[in-house]
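Results of the structural survey
What follows is each chain in one-letter form.
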Amino acid sequence: ILNVEQSPQSLHVQEGDSTNFTCSFPSSNFYALHWYRWETAKSPEALFVMTLNGDEKKKGRISATLNTKEGYSYLYIKGSQPEDSATYLCAPNRDDKIIFGKGTRLHILP
Amino acid sequence: DAGITQSPRHKVTETGTPVTLRCHQTENHRYMYWYRQDPGHGLRLIHYSYGVKDTDKGEVSDGYSVSRSKTEDFLLTLESATSSQTSVYFCAISDRGQGFVGELFFGEGSRLTVL
């Protein structure tokens, strides 16, 4: 079973500040790396699916980078807004399995 | 939004009774997954399917079985429910990208309480 680590577990950020967090995963037999955003009382929603080493993806103020050789990905949020408060999950895809990390819980302070 | 529905959405049952949760999709996606959500554990994979009659175990498959007799339905069965199986269960579907599983689309979740 994949060992997926996300850090930090929880993060408090002032509104307007930028932030980032990390996902690390085994680099062997890598297929893809997924990022999801999960708001309380809702279902997770996909942000990015990344496959190539060095890949960078962006959606609005959120972006992500991928290093498949060393097994990590960073998620960046620029100019945090209250609506960014959520849990951010990463999940590597290997052998058709999608195994999630425990997530980073982001709290935006007004 | 992807056409995925879970039923029942809420269920309360007693220890030792069988329970079946249903995931139904209208997207004709190849992959279907069952996860459970528990505090401190995030989402943990129970079982998944990569085609009709093709299923495999996930991280926490003990006490659960699945079946997929047609593309649109993926059933999760607890043969004899225990209190440790009290959880919120999420179904997710996906199709295949170029050599990888594409983004997951999640159902709304099924809250199961085992007394």
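Residues numbered from 1 in each chain as written. Chains lettered and ligands numbered in written order. Predicted model: local features only at pLDDT ≥ 70, side-chain atom pairs only at ≥ 80, totals over all residues. Heavy atoms only, no water.

1. Overview of the interface of chain B and chain A
On the chain A side, the residues contacting the 25 residues of chain B number 21 residues. Across the chain B to chain A interface the summed buried area is about 1800 Å²; carbon plus sulfur atoms make up 63%. Put simply, Asp96 of chain A and Arg96 of chain B hold a salt bridge, and the shortest N to O gap is 3.1 Å. Between the two partners, chain B and chain A, sit nine residue pairs in polar contact (both at pLDDT 80 or more). Those elements that provide at least two residues to the side of chain B that touches chain A are β4 (31–38), β5 (42–51) and β6 (54–57) of chain B. Counted by class, the side of chain B that touches chain A contains 12 nonpolar, seven polar and six charged residues. (Contact = heavy atoms within 4.5 Å. Buried area = accessible area lost by both parts, 1.4 Å probe. Salt bridge = Lys/Arg side-chain N within 4 Å of Asp/Glu carboxyl O. Polar contact = N/O pair within 3.5 Å; in protein donor to acceptor, adjacent residues only side chain to side chain. Helix = DSSP H or I, 4+ residues; strand = E, 2+ residues; numbered from the N terminus. Nonpolar A, V, L, I, M, F, W, Y, C, P; charged D, E, K, R; others polar.)

2. Section: the packing of aromatic side chains
According to the stated counting rule, one finds 17 aromatic pairs over all chains in the structure shown. Ring centres of Tyr36 of chain A and Phe106 of chain B lie 5.9 Å apart, and the angle between their planes is 90°; this geometry places the pair in the edge-to-face category. Of this pair, Tyr36 of chain A sits in strand β4 (residues 32–38) while Phe106 of chain B is found in strand β10 (residues 105–106), placing the two residues in two different chains. Judged on exposure class, the residue Tyr36 of chain A and its partner Phe106 of chain B are both buried. A relative accessible area of 10% means that Phe106 of chain B is categorised as buried. (Phe/Tyr/Trp six-rings, centres within 6.5 Å; stacked < 30°, edge-to-face > 60°. Buried < 20%, exposed > 50% of the residue type's maximum accessible area, 1.4 Å probe, protein only.)

3. Quick look at the pairing of strand β5 (residues 45–50) of chain A
Residues and elements named next belong to chain A. Counting buried residues in β5 gives five out of six residues, a clear majority hidden from the surface. By the bridge criterion, five bridges tie β4 to β5 in an arrangement that is antiparallel. Its bridge partner lying in β5, Leu33 is registered against Met50. (Pairing = 2+ DSSP bridges.)

4. Looking at the state of the cysteines
All names here are of chain A. Under the criterion given, the structure shown has two disulfides over all chains. Note on cysteine connectivity: Cys23 is disulfide-linked to Cys90, with sulfurs 2.0 Å apart. With the S-S dihedral at roughly 75°, the linkage between Cys23 and Cys90 falls on the right-handed side. Of the two residues, Cys23 is situated in strand β3 (residues 19–24) and Cys90 in strand β9 (residues 86–94); the sequence distance between them amounts to 67 residues. (Disulfide = S-S within 2.5 Å.)

5. Looking at the sheet that holds strand β7 (residues 62–67) of chain A
Residues and elements named next belong to chain A. An order of β1-β3-β8-β7-β6 is seen for the five strands of this open sheet, with the pairing classed as antiparallel. Because the sheet does not close on itself, it has two edges, and the strands there are β1 (5–7) and β6 (56–59). Across the sheet, the mean angle separating the axes of adjacent strands is 15° when strand polarity is ignored. Direction of pairing for β3 relative to strand β8 (residues 72–77): antiparallel, over a ladder of six bridges. What sits directly across from Thr19, in β8, is Ile77. (Axes fitted to C-alpha atoms, helices over the stretch in contact; angles between N-to-C directions.)

6. Some thoughts on the environment of Leu104 of chain B
Residues and elements named next belong to chain B. Assignment of secondary structure puts Leu104 in the loop between β9 (87–94) and β10. For Leu104, a relative accessible area of 2% gives the class buried. When the C-alpha atoms of Leu104 and Tyr31 are compared, they prove to be 9.0 Å apart, with 73 residues separating the residues in sequence.

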